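# Secondary and tertiary structure notes
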Amino acid sequence: GQQLNQSPQSMFIQEGEDVSMNCTSSSIFNTWLWYKQDPGEGPVLLIALYKAGELTSNGRLTAQFGITRKDSFLNISASIPSDVGIYFCAARNYGGSQGNLIFGKGTKLSVKP
Amino acid sequence: SAVISQKPSRDICQRGTSLTIQCQVDSQVTMMFWYRQQPGQSLTLIATANQGSEATYESGFVIDKFPISRPNLTFSTLTVSNMSPEDSSIYLCSVVRQGEQYFGPGTRLTVT
């Protein structure tokens, strides 16, 4: 079946550093999404990407929809302690069930003040 | 975005019993889903909750184990039946609004 390979699995960084994580697949997708999950909470949508090559920002977060439609990356600039959490990429194809997002395994981010 | 609430937020249950989880959305939505997140894992779609008809289950999930109700466009329930320790997970309600998918806070279930 379709799979998303998300890396790195975890990151330990110093406050103020930039962060980069990515998601790749052997399959083509029409939508890429990035979510953040805090402990004890549900995932919160950060950025949605709908077009190959699209680059979208949300504050200190920037994400891109890969030109091949098989990958996406998320960058966080000047990290702060509240950036701690698990970041999930997710992808979907048109024509499939709207809810049938495929999720990556997550990147656990730890930030040292 | 969408305001989604779930009850209970967490529970500890004995094996063999059943638990019903409620999901309430702040306004009507057409599409409503239930996901499972096993410890340290990613999210897996259990089923699509259809208003007025039977839920649509994904491969590996069956109605007898996870019966779902969707009586109206703002509410759904998921029951985890005849629980075993392997059912210990976070169960998440999700809706689509304006083309994007939002998640509730989750129900953390521990089966002993």
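Computed from a predicted model, the values in this text were never measured in an experiment.

## Some thoughts on the pairing of strand β4 (residues 31-37) of chain A
On a regular strand, one side chain projects to one face of the sheet and the next to the other, so that they alternate. Residues and elements named next belong to chain A. Most of β4 is tucked away, with seven of its seven residues classed as buried. Both faces of β4 are covered, namely the face carrying T31, L33, Y35 and Q37 and the face carrying W32, W34 and K36. Here five bridges tie β4 to strand β5 (residues 44-49), and the two strands are oriented antiparallel to one another. Within β5, the position partnered with K36 by the bridge is V44. Once β4 ends, the chain turns through six residues before running back antiparallel as β5, passing G40 with a positive phi of about 75°.

## Quick look at the pattern of salt bridges
Residues and elements named next belong to chain B. Within this structure, the stated rule accounts for five salt bridges over all chains. Measuring nitrogen to oxygen at the nearest pair gives 3.1 Å for the salt bridge that ties D26 to R97. Of the two residues, D26 is situated in the loop between β3 (19-25) and β4 (32-37) and R97 in strand β9 (residues 89-97); the sequence distance between them amounts to 71 residues. For R97, a relative accessible area of 14% puts it in the buried group. For K65, the salt bridge identified is with D87, shortest N-O distance 2.6 Å. Note that K65 is positioned in the loop between β6 (56-57) and β7 (68-72) and D87 in the loop between β8 (75-80) and β9, a separation of 22 residues in sequence.

## Some words on the interface of chain B and chain A
Between chain B and chain A, the residue contacts involve 20 residues of the former and 20 residues of the latter. Together chain B and chain A conceal approximately 1500 Å² of surface at their shared face, both sides included; 51% is due to carbon and sulfur atoms. Linking chain B to chain A there are one salt bridge. In this structure, R92 of chain A and E100 of chain B form a salt bridge, with 3.8 Å as the shortest nitrogen-oxygen distance. Run the count over chain B and chain A and you get five residue pairs in polar contact (both at pLDDT 80 or more). Among the secondary structure elements, those contributing two or more residues to the side of chain B that touches chain A are β4, β5 (43-49), β9 and β10 (100-103) of chain B. Per-element accounting of the side of chain B that touches chain A gives the leading share, four residues, to β10 of chain B.

Reading the values: the criteria
Residues numbered from 1 in each chain as written. Chains lettered and ligands numbered in written order. Predicted model: local features only at pLDDT ≥ 70, side-chain atom pairs only at ≥ 80, totals over all residues. Heavy atoms only, no water. Buried < 20%, exposed > 50% of the residue type's maximum accessible area, 1.4 Å probe, protein only. Helix = DSSP H or I, 4+ residues; strand = E, 2+ residues; numbered from the N terminus. Pairing = 2+ DSSP bridges. Salt bridge = Lys/Arg side-chain N within 4 Å of Asp/Glu carboxyl O. Contact = heavy atoms within 4.5 Å. Buried area = accessible area lost by both parts, 1.4 Å probe. Polar contact = N/O pair within 3.5 Å; in protein donor to acceptor, adjacent residues only side chain to side chain.

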